[in-house]
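Per-entry structural report
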Amino acid sequence: MLGAVELWIAVPTGFALQLHPVATCIIAALGAMTGSVLILCIGERLQTRFARHFYENNNKKRYARIHKIFQRYGVIGLGLFAPLLTGAPLAVVVGIILRAPGGPLLFWINFGIVFWSIGLTFGSWLGSLGYQALQ
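Residues numbered from 1 in each chain as written. Predicted model: local features only at pLDDT ≥ 70, side-chain atom pairs only at ≥ 80, totals over all residues. Heavy atoms only, no water.

Let's shift gears to the overall build of the protein chain. Within the protein chain one finds 6 helices and 0 strands. Counting from the amino terminus, the protein chain carries its helices and strands in the arrangement α-α-α-α-α-α. Burial statistics for the protein chain: of 135 residues in total, 38% are counted as buried. Entry remark: accessible area of the protein chain is about 8500 Å², with carbon and sulfur atoms responsible for 69%. (Helix = DSSP H or I, 4+ residues; strand = E, 2+ residues; numbered from the N terminus. Buried < 20%, exposed > 50% of the residue type's maximum accessible area, 1.4 Å probe, protein only. Areas by Shrake-Rupley, 256 points an atom, 1.4 Å probe, with all protein chains shown as cover.)

Put into structure tokens, the structure is as follows:
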């Protein structure tokens, strides 16, 4: 379930527990996907409350930059980069706040989770091979 919190924690923990790299990748990705689905299910109900706070408060100038970036890169950019940079649950919350449609948001975040899970697992596996070669 560490994947539900952050992939950067789940993948090294899998290697520390001496799990097979494929199992580590799958378990971390499934954990992150589970966290994303749960946040989306809960968050869609709270979307109007978040959006009202986001758009109507005195924080318009502060949030204008986030909104501008989202308008430029959209759901695809959020889904591909956020699982690595901010974590999948926070990416879903940001998508909900920015009124992204739930289906595409979940698809692209899950796509990003799988992509970065494979990348982080492969990088960690290569690092462990390098470490073993030095011993």
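At a minimum axis separation of 10 Å, helix H2 (residues 7-16) and helix H6 (residues 102-134) run at an interaxial angle of 40°. Looking at the two axes, H2 sits oblique to H6. As for how H2 packs across H6, the hand of that crossing is right-handed. Here H2 contributes Leu7, Trp8, Val11 and Phe15 to the contact with H6, which in turn contributes Ile113, Trp116, Ser117, Leu120, Thr121, Ser124, Trp125 and Ser128. Of the residues belonging to the contact of H2 with H6, the class tally is 8 nonpolar, 4 polar and no charged. (Axes fitted to C-alpha atoms, helices over the stretch in contact; angles between N-to-C directions. Parallel < 35°, antiparallel > 145°, perpendicular 65-115°, else oblique. Left-handed = near helix turned anticlockwise from the far one by under 90°. Contact = heavy atoms within 4.5 Å. Nonpolar A, V, L, I, M, F, W, Y, C, P; charged D, E, K, R; others polar.)

Below, the discussion takes up the confidence of the model for the protein chain. The pLDDT averaged across the protein chain works out to 83; a share of 86% of its residues lies at or above 70. The least confident element of the protein chain, judged by mean pLDDT, is helix H1 (residues 2-5) at 73; the most confident is H6 at 91. (pLDDT = per-residue confidence, 0-100.)

Turning to the nonpolar core, a few remarks are in order. Judged by nonpolar contacts, the single largest core of 24 residues is most densely connected at Leu7, Phe70, Leu78, Val92, Leu105, Ile109 and Ile113. Within the residue set of this core, elements represented by two or more residues are H2, helix H3 (21-56), helix H4 (60-85), helix H5 (88-97) and H6. Discounting residues that sit within four places of it in the chain, Leu105 has contacts with Leu40, Val75, Leu78, Val92, Gly95, Ile96 and Ala100. (Core = buried A, V, L, I, M, F, W, Y, C linked by side-chain atoms within 4.5 Å.)

Turning our eyes to something else, we now look at the side chain of Thr121. By secondary structure assignment, the location of Thr121 is in helix H6. By relative accessible area, which is 5% here, Thr121 ends up buried. Residues in contact with Thr121, not counting those within four places in the same chain, are Val11, Phe15, Pro21 and Cys25.

The phi torsion at Gln18 lies on the positive side, around 60°, for a residue other than glycine. Checked against the element boundaries, Gln18 lands in the loop between H2 and H3. Positive phi values are uncommon outside glycine, yet Arg99 reaches one of about 60°. Position of Arg99 among the secondary structure elements: in the loop between H5 and H6. Owing to a relative accessible area of 51%, Arg99 belongs among the exposed residues under this scheme.

Turning next to the side chain of Ser36. Tracing the backbone shows Ser36 in helix H3. Residue contacts for Ser36: discarding those within four places in its chain leaves Ala88, Val92, Leu106, Ile109, Asn110 and Ile113.

Following the sequence through the fold, Ala4 ends up in helix H1. For Ala4, a relative accessible area of 15% translates into the label buried. Sequence-wise, Ala4 and Pro89 are 85 residues apart; in three dimensions their C-alpha atoms are separated by 7.2 Å.

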